[in-house]
Each structure stands twice: as C-alpha cells, then as structure tokens.
Amino acid sequence: MRLNPRIRWLALLLALLFVLSALPVTAASAKTVAEWLEGYRLGDEWFGDDFAYDITDTKAVWELLMRPITVLDVKENESVYPLKTPNGDKVNNDKLGGFINGASAAVHVLGEDEDGWTLIEGIDYYNRIIQGYVRTKLLKQITPNDKYGVVIDKLTQRLYVFIDGEFFSSCAISTGLPNDEQPYNETAAGEYVTISWSGGFDSEGMYCDMAIRFNNGDKIHEVPCTILADGTKRYTKWESQLGQKASHGCVRVARLPNDDGLNQKWLWDNLKRMTKVVIWDDAGRKLPYPADDTLLYYNPNGGKYYHSTPECSAVKKKYYPLTAFTYGELDSGIFADLEPCPSCTPLKRKSIIDKENLARGVVTQAELDA
C-alpha cells in the first residue's frame, strides 16, 4: 500500500521539525568592535609608550623611515598564522584575523631560534598585535628604499611624503572605518613596504585606480569613483569623505593635486618598490585646535568651499587669489556655511575635532561642555 503523497510529505516535515527541535539552541553572539579587540595589545603600542608622533621632527621621522624591518618571507598575497607554541595551535583564527601578511608587513622578533621556531609579534587586520611562533626560516630583513618614505597618520587623516631626508608634502586621505560586523576594516598601524603596483580594481560598486599594495589586501589607491554609462567618472561621494575614516582598510588618497602636485598619481609615478610606509595609530591621541590666526581662503564670487591655499587647483584661475580669512572666523558669519574643499582639504572645524576626540575617548562630553 502506497501512502498518499501529501501524507508522506507531511510525515517528512514533522520528522524534520523533530530533529531541529532536538538541536541545541545558541544565542546570537554578535560582538562590538571593543569586544573583538579585548585582551589584545593594539597598534597604538607598536612604536612604544614614549613614541612622539611628531611629524615636524624630520630627522626622527626619516630615521624611522630608513630603519630596516623584518618581514615573513612568503608571497605578497600569502599570510602566516603565529602559533601558541612551536608547531602548536593558532593564536587566533577569527575571520580575516590572527595572521600576519607576508613580504611587506613588519614583525618584531622577540626571541632566539628554538629548534626552527622563533617568537615574533605582528599586527593583523583588526589592528591587534598577534604574538606567537613562526618558522625561523621565514624571517627576512628588508632595507627600505633610501630616496622616499611615507607616513600615514590616522589621527590627522593625512599622508606625508619625505624625499632624501626632507619633508616634501602631504595630502588628505581616508583610512579604514571598522564596525561591529567588520572590525577588520581598521587600517592597521605598523611598518610596511610598498610591494607591487597592482593597478585599478572594482570594490562593491566603486572603482579604485592606481593601487599600490603594502599589506596584502590593503592598498594605497586613488579615492574611489563611480564609472557612469558614458565612461565618465564621478568622485563626489568619496572625495567628500577625505580627511576622515571611510574605507574598508585601504588608504584612499586625494585625486586632485595640491600645490606641490601631490596626489595618488604622483605616488603612482614616483614611489619606488620597497618604499617604507609607516602608519601611526590614532588611539589615545588628541587632535588639537589649529591657531585662530591661521589663514584660510574662499571665493567670494559664489564659492561654496573654504580652502587651505589662495590658489587651490580645484578653483578656476580667474578667481585667483582667493580671499583670506582666519580660522577663528570659520564658524561665524558667511564662513559658517562653507564646506571644506575636497582638493586642498583645509583644517577641520572645531566641532568636527571635538567629535573625533570624543570618539577616541581623549576628551569627555563634560569637558567639551565646560
């Protein structure tokens, strides 16, 4: 006797529900960014407790940029998981976490060889310092290119270029913006070298041009754009984010050149392989207000931006020189409605500085209200 098909399907459904009901029920385990980082030393400790973070100390910065680094000698798109003990378990196996990228990311050597294994520490995509054992044969010292050096400061959201021991110029950037679901979006602090010129790529509907790899999946590239149907490029959305964290971990660099000609195209054309890239963390650091007498500029003939230079490349030359005013006037009168120029990326308003310092925990709301 054959069962009615409808009865047979009902029996199967009831059996499936019985099996599912017998499985253990687990509560959602979503973490906050702070919980992902809990228990780890972070990138703000990479350079030591007494590190000055002084971009104006050219001699000290250049010495850091020229200092050799030790990397893990695997391919530039390969990674190594430090282990708890020689030939033991991984220290961490979070998604996109717990590993150190090869060929270009610096590690600190913490001990001597132990039967083919050495204790090291490096920084993963979460900006966590991962300490563990790797094969000694993987340790390789690299001497950086001796002409160029790059500092990326997550506090100021600027990229600084040094040439032959002297400061050359700086421009606005966007580093990684982590969230609870993607804590690995943070641009990790540390020391790296440029390893390859990988070129343009698509990322979630964005086109990112002239990408230079420095930490496996993390690259220095031009601020993203959308390519329209007629082939033209629209940068508006992402250029407006320059000067603040916004990326998935890469370093987005200004498209429009500053007065010195610095932009991503300049980096693409001029930097050399093995140029050292130092990334300074922003945690625990307070961004100060600029001096009130610092000069800013605007175009009184209908301009909507304020600028850091009287001859900004984003403004038509017929309006040169732009009209000066002071930083102390920025939040008053006609200047209060001006937006920061996405090309020359002038100083941030005090309200923006307050918001960022509050988010970093270096000031309290009570201090701001006082």
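Check the entry above for the structure.
Residues numbered from 1 in each chain as written. Predicted model: local features only at pLDDT ≥ 70, side-chain atom pairs only at ≥ 80, totals over all residues. Heavy atoms only, no water.

Trainee: How do you make sense of the overall build of the chain when you look at a structure like this?
Mentor: Scanning the chain from N- to C-terminus turns up seven helices and 24 strands. The principal-axis extents of the C-alpha atoms in the chain amount to approximately 95 × 60 × 50 Å. Buried positions account for 46% of the 370 residues belonging to the chain. A separation threshold of at least 6 residues defines the contact pool for the chain, and within that pool the share at least 24 residues apart is 65%. About 19,200 Å² of surface is accessible on the chain, with carbon and sulfur atoms providing 52% of the total. (Helix = DSSP H or I, 4+ residues; strand = E, 2+ residues; numbered from the N terminus. Buried < 20%, exposed > 50% of the residue type's maximum accessible area, 1.4 Å probe, protein only. Contact = heavy atoms within 4.5 Å. Areas by Shrake-Rupley, 256 points an atom, 1.4 Å probe, with all protein chains shown as cover.)

Trainee: Help me understand unusual backbone geometry, please; the structure alone is not making it clear to me.
Mentor: Apart from glycine, the bulk of residues carry a negative phi angle, and the bulk of peptide bonds sit in the trans form. The omega torsion of the bond from Y320 to P321 falls at -15°, within 30 degrees of zero and hence cis. Phi at N87 is positive, roughly 65°, even though this residue is not glycine. Mapping N87 onto the fold places it in the loop between β2 (79-80) and β3 (100-101).

Trainee: Even after reading the chapter, I still don't get the sheet that holds strand β19 (residues 251-253), so can you show me in this structure?
Mentor: Sheet strands pair via backbone hydrogen bonds, and the direction of the pair is either parallel or antiparallel. Overall, mixed pairing links the nine strands, which are arranged β11-β20-β8-β9-β10-β19-β16-β15-β12 in an open sheet. Each edge of the open sheet carries a strand with a single partner, namely β11 (190-193) and β12 (196-197). In terms of strand pairing, strand β9 (residues 158-163) meets strand β10 (residues 166-174) through six bridges, oriented antiparallel. Bridging across to β10, R158 finds its partner in A172. Together, β8 (148-153), β9, β10, β11 and β20 (276-280) form the strand contacts of helix α3 (residues 58-66), whose direction differs from that of β8 by roughly 105°. (Pairing = 2+ DSSP bridges. Axes fitted to C-alpha atoms, helices over the stretch in contact; angles between N-to-C directions.)

Trainee: Please clarify how the pairing of β20 should be interpreted in this entry.
Mentor: Looking along a regular strand, one sees the side chains alternate between the two faces of the sheet. Counting buried positions along β20 yields five of five residues, so the element is predominantly enclosed. On β20, burial covers both faces: K276, V278 and W280 on one face and V277 and I279 on the other are all buried. Bridge count between β8 and β20: five bridges; the pairing is parallel. The residue bridging V150 from the neighbouring strand is V277, located in β20. Relative to β20, β11 runs antiparallel, the two being bridged by four bridges. Note that in β20 the partner of E191 across the bridge is V278.

Trainee: When you look at the side chain of H307 in this model, what are you seeing that I'm missing?
Mentor: Its location among the elements puts H307 in strand β22 (residues 305-307). Not counting the four nearest positions on each side in its chain, H307 is found in contact with L296, Y297, Y298, C312, V315, L322, C341, C344 and P346.

Trainee: Looking at this structure, how should I read the pairing of strand β21 (residues 295-298)?
Mentor: With four bridges connecting them, β21 and strand β23 (residues 323-326) associate as antiparallel partners. Pairing of Y298 across the sheet is with T323, part of β23. Here β21 folds back onto β22, and the loop between the two strands holds six residues, one of which, G302, carries a positive phi near 90°.

Trainee: Would you take a moment to explain the sheet that holds strand β6 (residues 129-135) for this structure?
Mentor: Spatial strand order, β4-β5-β6: three strands in an open sheet with antiparallel pairing. Looking at which strands have only one partner, the edges of the open sheet turn out to be β4 (108-109) and β6. Note: β4 against strand β5 (residues 117-123), two bridges, orientation antiparallel. Across the sheet, the residue bridging to V109 is I120, located in β5.

Trainee: Looking at this structure, I do not really get the pattern of salt bridges. What am I missing?
Mentor: If you walk through the whole model with that rule in mind, you get 18 salt bridges. When the shortest N-O distance is used, the salt bridge between R213 and E76 registers 2.8 Å. One end of the pair, R213, is in strand β15 (residues 212-215); the other, E76, is in the loop between β1 (69-72) and β2, and 137 residues separate them in sequence. Judged by its relative accessible area of 14%, R213 falls in the buried class. Here the salt bridges share partners, and the residues they tie into one network are K154, E186, K245, D281 and D282. (Salt bridge = Lys/Arg side-chain N within 4 Å of Asp/Glu carboxyl O.)

Trainee: Looking at this structure, how should I read the packing of aromatic side chains?
Mentor: In this description, an aromatic ring pair is defined by two values, namely the gap between the centres and the angle between the planes. In the structure shown here, the tally under the stated rule is 16 aromatic pairs. Between Y53 and W280, the ring centres sit 5.5 Å apart and the planes meet at 85°, which makes this aromatic pair edge-to-face. Within this pair, whereas Y53 is found in the loop between α2 (33-37) and α3, its partner W280 is found in strand β20, the two being separated by 227 residues in sequence. Ring centres of Y192 and F214 lie 5.4 Å apart, and the angle between their planes is 80°; on these two criteria the pair is classed as edge-to-face. Here the residue Y192 occupies a position in strand β11, and F214 occupies one in strand β15, the gap between them amounting to 22 residues. By the burial criterion, Y192 is buried, and F214 matches it. (Phe/Tyr/Trp six-rings, centres within 6.5 Å; stacked < 30°, edge-to-face > 60°.)

Trainee: Is there a simple way to explain the environment of V151 in this structure?
Mentor: You can see V151 is positioned in strand β8. When the C-alpha atoms of V151 and A60 are compared, they prove to be 12 Å apart, with 91 residues separating the residues in sequence. Here V151 is in contact with I55, V61, L65, R158, L159, Y160, F162, V278 and W280, once residues within four sequence places are set aside.

The quantities given are spatial measurements derived from coordinates; they are silent on function.
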